[in-house]
Amino acid sequence: MKKRLSILILGLFLCLYGCSTDRPSVSKTENVFETIEGSRENGYQIKDLTWGMSEDEVRQAINQEGLESDSDRLILNSSECDDFQHVKIYRFEDETKSNLITVEYTWTVASEDSFQSVVDSLCEYAAQQMETPDSGNDLTKEELLEMNTAAWAASDNSRVNILLSSDHKSVSVQINGPREVPKTLMPSG
């Protein structure tokens, strides 16, 4: 009987204090748009980072514990519970990790309400801090849910993309560094 009571109390404790106190609040999704610097005219940059940084330079600049190294990227998984996962990915050009090219923020949630909350937050933040997307339409939740994407391209070919997957209840914001346009795609004359 004591064992059952102990298990019951432990279960209750975990339910009340486990995920609920440490879990990131879905209604307060991190505003990744605050980390974006620059504009369409000047190109997009991530605060405290420079495109082309090496793995060691990125590690030093972000100064975060728990970074995992993969073939061509660094991954920071800040998931606290099964129903809300937040991942930051710092992607490099190749496995040498000598050239930072993309920073990606991804949220994956378990419920439709949480998914809608993440989409609401990102639309609100993007509307406050970004210009009109490349589509020419204002970014609204309805438009984003219909198109599953929004993009902003800069003059240096750096880009900011929002990508949704309603089926997987995930939302990603990718900030890509400038890319050189291949000469075959450059206008002649």
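Above: the structure in question.
Rules behind the numbers
Residues numbered from 1 in each chain as written. Predicted model: local features only at pLDDT ≥ 70, side-chain atom pairs only at ≥ 80, totals over all residues. Heavy atoms only, no water. Pairing = 2+ DSSP bridges. Helix = DSSP H or I, 4+ residues; strand = E, 2+ residues; numbered from the N terminus. Buried < 20%, exposed > 50% of the residue type's maximum accessible area, 1.4 Å probe, protein only. Phe/Tyr/Trp six-rings, centres within 6.5 Å; stacked < 30°, edge-to-face > 60°. Core = buried A, V, L, I, M, F, W, Y, C linked by side-chain atoms within 4.5 Å. Contact = heavy atoms within 4.5 Å. Salt bridge = Lys/Arg side-chain N within 4 Å of Asp/Glu carboxyl O.

Enquirer: I keep staring at the pairing of strand E7 (residues 149-153) and nothing clicks. Help me out?
Expert: For a regular strand, side chains alternate in direction, first toward one face of the sheet and then toward the other. Across five bridges, E7 lies against strand E8 (residues 159-165) in antiparallel orientation. Looking at the pairing, Ala153 lines up with Arg159 of E8. What sits between E7 and E8 in their antiparallel hairpin is a turn of five residues, with Asn157 showing a positive phi close to 70 degrees.

Enquirer: Hey, could you run me through unusual backbone geometry in this one?
Expert: Although it is not a glycine, Asp48 sits at a positive phi angle of roughly 70 degrees. Within the fold, Asp48 resides in the loop between strand E2 (43-46) and helix H2 (55-62). The exposure class of Asp48 is exposed, given its relative accessible area of 59%. Phi is positive for Asn148, which is not a glycine, with a value near 65 degrees.

Enquirer: Would you explain the packing of aromatic side chains in this entry?
Expert: When we look at a pair of aromatic rings, we describe it by the centre distance and by the angle of the planes. Under the definition given, this model contains one aromatic pair. On the numbers, 6.3 Å between centres and 70 degrees between planes, the contact of Phe33 with Trp152 is edge-to-face. Placement of Phe33 in the loop between helix H1 (2-22) and strand E1 (36-39) and of Trp152 in strand E7 is noted, with a sequence separation of 119 residues between them.

Enquirer: How do you make sense of the nonpolar core when you look at a structure like this?
Expert: One broad trend across soluble globular proteins is that nonpolar side chains are buried collectively. Within the largest apolar cluster, 40 residues are counted, with the highest numbers of intra-cluster contacts made by Phe33 and Ile162. With seven residues, helix H3 (residues 112-129) is the largest single contributor of residues to this core. Those residues in contact with Ile162 that sit more than four places away from it in its chain are Phe33, Leu139, Leu144, Asn148, Thr149, Ala150, Trp152, Val171, Ser172 and Val173.

Enquirer: Mind showing me how you'd approach the pattern of salt bridges here?
Expert: It is possible for side chains bearing opposite charge to pair when their charged atoms get close. Tallied over the full model, the rule gives seven salt bridges. For the salt bridge of Asp134 with Arg40, the shortest nitrogen-to-oxygen distance reads 2.8 Å. Of this pair, Asp134 sits in the loop between H3 and helix H4 (141-147) while Arg40 sits in the loop between E1 and E2, and the two are 94 residues apart along the sequence. Lys97 is paired through a salt bridge with Glu55; the nearest N and O atoms lie 4.0 Å apart. Highlighted residues: Lys97 in the loop between strand E5 (84-92) and strand E6 (100-109) and Glu55 in helix H2, separated in sequence by 42 residues. Like Lys97, the residue Glu55 is buried in the burial classification.

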